[in-house]
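An overview of the molecular structure
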Amino acid sequence: QVQLQESGGGSVQAGDSLSLACTVSGGTFSSYAMAWFRQAPGLEREFVAAVNWDDVTHYSNTVKGRFTISRSNGKATIYLSANSLTPEDTAVYYCAAGIRRLTTPITSSGAYTYWGQGTQVTVST
């Protein structure tokens, strides 16, 4: 059984930085595309960033240049380094994993089979 566990959420001030981590147990981590999504109150879940099994990364336009996604196959963990945070970044952040299939964009939630429970990130002014 594949399980994902996020950590690192919290409350910060605008302009601050925050790092999230997601550790995967079960499955074959090195073969997974991994991603972060987020969902703010009243809004749909949106793509944030992804890193494929070959370390190629993808970012949403809203976080490009501010967030960095990375992975450690040895630790079966992905990371999200978030800088210059704004109140608009406030959301529950979810980690996702899946076997990459070219028929589904890596930015789509449909590309991922396994999901974590989420971790809250709150950015105040």
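Summarised in this report is the structure supplied together with it.

Let us now look at empty space enclosed by the protein. Considering all chains together, one arrives at one cavity of 30 Å³ or more under this definition. As a volume, the largest cavity reaches approximately 30 Å³. If you go around the largest cavity, the residues you meet are Leu18, Leu20, Phe67, Leu80, Ala82, Leu85, Tyr93 and Val121. Its residues assigned to classes, the lining of the largest cavity shows eight nonpolar, no polar and no charged.

Before going further, it helps to spend a moment on the packing of aromatic side chains. Scanning all chains against the criterion turns up five aromatic pairs. For the pair tyrosine 32 and tyrosine 114, a centre-to-centre distance of 6.0 Å together with 55 degrees between the ring planes defines the contact as tilted. Remark: tyrosine 114 occurs in strand β10 (residues 114-115) and tyrosine 32 occurs in strand β4 (residues 32-39); sequence separation between them is 82 residues. Overall, tyrosine 114 belongs to the partly exposed group, its relative accessible area being 29%. Their ring planes at 75 degrees and their centres at 5.6 Å tell us that phenylalanine 37 and phenylalanine 47 sit as a pair that is edge-to-face.

What counts and how
- Residues numbered from 1 in each chain as written.
- Predicted model: local features only at pLDDT ≥ 70, side-chain atom pairs only at ≥ 80, totals over all residues.
- Heavy atoms only, no water.
- 1 Å grid on protein atoms, 1.4 Å probe; cavity = no way out; pocket = protein on both sides within 12 Å on 5 of 7 lines; lining within 4 Å.
- Points joined across faces, edges and corners; volume = space filled by probe spheres on them.
- Nonpolar A, V, L, I, M, F, W, Y, C, P; charged D, E, K, R; others polar.
- Phe/Tyr/Trp six-rings, centres within 6.5 Å; stacked < 30°, edge-to-face > 60°.
- Helix = DSSP H or I, 4+ residues; strand = E, 2+ residues; numbered from the N terminus.
- Buried < 20%, exposed > 50% of the residue type's maximum accessible area, 1.4 Å probe, protein only.

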